[in-house]
Amino acid sequence: MKRMLMAAVLGMAMSTTPFVWAAGNVSAGKEKAAVCAACHSTDGNSLSPDFPKLAGQHEGYIIKQLMDYKSGERQNAIMMPMAANLSEQDMADLAAYFASQKTAPGAVSEEMLELGEQIYRGGNKESGVPACMACHGPNGSGVPAANWPKLASQYGAYVETQLHAFAKGERANDPNGMMRDIASKMTEAEIKAVSAYVFGLKP
């Protein structure tokens, strides 16, 4: 437990390393977001569970992901070319716009509720999986200052895909490998259940 807490502290320190960003402009971001609508919808509430909801996500987190796509630190065949020509101002504007939108609510199925809630709120002490809410908050709102994302109402299918990617090391842009370490300890049932559970959280 002490090791996990230390990892969390180190992760926060690393992920809050100061970056100088241009101030995002919501109006400009709305115009620039037109190209994003095909996958993420006009307001950032994707209609497909395979594409993440961006509406209401923290600005810093969106910017970091766009930067990681542009640098290649985060691999994705669709997003890497989309981010390739974005300037820092473009990223800031897009992040400001999507962050200003309201997240469409989700719901958790009854069969996934018990295990999903157990993992999200209490983790699994036997396997060393910490409670998800330790970093993402009791209601899934995340921690903007640490660039820990909002998970509330995010599509379960998307969250599940990301947890699998972390577990396999296919996604490696998490501070100090925190998510890779956690996801690799989770069972398939735990991944499915907690992914379904966060979809039903209300921020």
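Everything numeric in this text was worked out from a predicted model, so none of it was measured.

1. Here we look at the nonpolar core
Now for step 1: One finds Tyr120, Leu163, Met186, Val194, Val198 and Leu201 to be the most contacted residues of the largest nonpolar core, which totals 17 residues.
Now for step 2: Sorting the residues of this core by element identifies helix H7 (110-122), helix H9 (156-168), helix H10 (178-183) and helix H11 (188-199) as the ones contributing at least two each.
Now for step 3: At four residues, the largest contribution of residues to this core is made by H11.
Now for step 4: Residues within four places of Met186 in sequence aside, it is in contact with Ile119, Val129, Leu163, Ile191 and Val194.
Now for step 5: Cys36, Leu66, Met91 and Tyr97 belong to the second largest nonpolar core, which has 16 residues in total.

2. Concerning unusual backbone geometry
Now for step 1: The backbone of Ser41 sits at a positive phi, close to 70°, despite the residue not being glycine.
Now for step 2: In this fold, Ser41 is placed in the loop between helix H3 (37-40) and helix H4 (59-71).

3. Looking at the packing of H4 against helix H6 (residues 88-100)
Now for step 1: Running from N to C, H4 and H6 cross one another at 140°; their axes reach a closest spacing of 8 Å. Judged by the angle between their axes, H4 and H6 are oblique. The two elements H4 and H6 meet at a crossing, and its hand is right-handed. Between H4, through Glu59, Ile62, Ile63, Leu66, Met67 and Lys70, and H6, the contact on the second element is made entirely by Met91, Ala92, Leu94, Ala95, Ala96, Phe98 and Ala99.
Now for step 2: Looking at side-chain class alone, the contact of H4 with H6 contains eleven nonpolar, no polar and two charged residues.

Each value, and the rule that gives it
- Residues numbered from 1 in each chain as written.
- Predicted model: local features only at pLDDT ≥ 70, side-chain atom pairs only at ≥ 80, totals over all residues.
- Heavy atoms only, no water.
- Core = buried A, V, L, I, M, F, W, Y, C linked by side-chain atoms within 4.5 Å.
- Buried < 20%, exposed > 50% of the residue type's maximum accessible area, 1.4 Å probe, protein only.
- Helix = DSSP H or I, 4+ residues; strand = E, 2+ residues; numbered from the N terminus.
- Contact = heavy atoms within 4.5 Å.
- Axes fitted to C-alpha atoms, helices over the stretch in contact; angles between N-to-C directions.
- Parallel < 35°, antiparallel > 145°, perpendicular 65-115°, else oblique.
- Left-handed = near helix turned anticlockwise from the far one by under 90°.
- Nonpolar A, V, L, I, M, F, W, Y, C, P; charged D, E, K, R; others polar.

So yeah, pure geometry; function would need other evidence.
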